[in-house]
Amino acid sequence: MKINILTLFPKMFDSFLSESIIARAIKFGAVEINIIDIRDYCFDKHKQADDMPFGGGNGMVMKPEPLFLALENVSGKIIYTSPQGKTFNQEIAKKLVKEEELTIIAGHYEGIDERVVENKVDMELSIGDFVLTGGEIPAMAISDTIIRLLPDVIKKESYENDSFYNGLLDYPHYTRPAEYEGLKVPEILLSGNHKKIDEWRLKESLRRTYLRRKELIENRELTKLEKKLLDEIKKEEV
């Protein structure tokens, strides 16, 4: 997969590309990340990428010319990080990971000229109902979510247990020591009975989802076992 990111601040991506899972994915060729400095496509004396909005008002707007020119050199689905976009989630990530190439425009200021959105952008995505200084952090978040789903980047069984992947929040995790200052790990996890452990984990996953994000339960088609465990949880929580 290739991911192009158009940005006014390319240095923000230095550590993103050089650390942890993303760096390993790049090293063994699972993904190519191409950081494009929008100012490279500004040909005036001051490399100006923004200007005042027509009609007046506060803030600045990213100019159309540099973006149109930069987009001539990329292909694939074009995403614009925008507060007005659809909220990004795991289901969207699972669809986007099937693309061979993605291009993400990291918005700034009051946004980008609407002519770019109307003529070039395939999808506007937001990472939540809050405002950030710019689109670089959303671009990183979207890219990270997609990259970890690529083959061999992490173990398939690892991301399949992540929160949201299967429509539920993740279950609690514990590691050694089994007891720390009187705080003990649940006995079931020490039992060696993997069938019971799997059932405990499913139940705790359902419990967290029911208590914290009930709408995820309501939108899920529950299995027979999940219905049974959820009934038990409701009785326990009364």
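Residues numbered from 1 in each chain as written. Predicted model: local features only at pLDDT ≥ 70, side-chain atom pairs only at ≥ 80, totals over all residues. Heavy atoms only, no water.

J.: How should the overall build of the protein be read in this particular structure?
T.: Summing up its helical and strand segments, the protein has ten helices and nine strands in all. Whereas a compact globule of 238 residues would reach a radius of gyration of roughly 18 Å, the protein reaches 22 Å, over 25% beyond that. By its C-alpha atoms, the protein is 70 × 40 × 35 Å across when sized along the principal axes. Within the protein, the fraction of its 238 residues that count as buried is 40%. For the protein, long-range pairs separated by at least 24 residues make up 74% of all intrachain contacts whose partners lie at least 6 apart in sequence. Taken as a whole, the protein presents about 14,600 Å² of accessible surface, with 50% of it coming from carbon and sulfur. (Helix = DSSP H or I, 4+ residues; strand = E, 2+ residues; numbered from the N terminus. Rg over C-alpha atoms; globule rule 2.2 N^0.38 Å. Buried < 20%, exposed > 50% of the residue type's maximum accessible area, 1.4 Å probe, protein only. Contact = heavy atoms within 4.5 Å. Areas by Shrake-Rupley, 256 points an atom, 1.4 Å probe, with all protein chains shown as cover.)

J.: It is not clear to me how the UniProt feature "binding site: S-adenosyl-L-methionine" (unreviewed entry) in the protein should be interpreted in this structure. Could you clarify?
T.: As annotated by UniProt and renumbered to match this structure, "binding site: S-adenosyl-L-methionine" (unreviewed entry) occupies Gly107, Ile127, Gly128, Asp129, Phe130, Val131 and Leu132. Locating Ile127 in the fold gives a position in the loop between β7 (123–126) and α6 (136–147). Residue Ile127 is classed as partly exposed on the basis of its relative accessible area, which comes to 28%. Other than its neighbours up to four places away in sequence, Ile127 contacts Leu132, Pro138, Ala141 and Ile142. Its place among the elements puts Phe130 in the loop between β7 and α6. (UniProt positions renumbered as here; feature names shortened; annotations may be inferred.)

J.: I would appreciate a short explanation of the environment of Lys184 in the present structure.
T.: As for its placement among the helices and strands, Lys184 is situated in strand β9 (residues 183–184). Looking at Lys184, the relative accessible area reads 58%, which means it is exposed. As a C-alpha pair, Lys184 and Phe68 span 116 residues in sequence and 59 Å in three-dimensional space. Once residues lying within four places of it in the same chain are set aside, the contact partners of Lys184 are Ala178 and Glu179.

J.: Quick question: what am I supposed to make of the pattern of salt bridges here?
T.: Here the structure, examined in full by the defined rule, presents eleven salt bridges. With a shortest N-O distance of 2.8 Å, Glu236 and Lys203 are connected by a salt bridge. Of this pair, Glu236 sits in helix α10 (residues 224–237) while Lys203 sits in helix α8 (residues 194–212), and the two are 33 residues apart along the sequence. Among the residues examined, Lys203 registers a relative accessible area of 13% and is labelled buried. Of the charged contacts, one joins Glu232 and Lys228 as a salt bridge, the two residues approaching to 2.9 Å between their closest N and O atoms. In this pair, Glu232 and Lys228 are both assigned in helix α10, four residues apart and thus about one turn of the helix distant. Overlapping salt bridges, with partners in common, bring together Lys203, Glu204, Arg207, Lys228, Glu232, Glu236 and Glu237 in one network. (Salt bridge = Lys/Arg side-chain N within 4 Å of Asp/Glu carboxyl O.)

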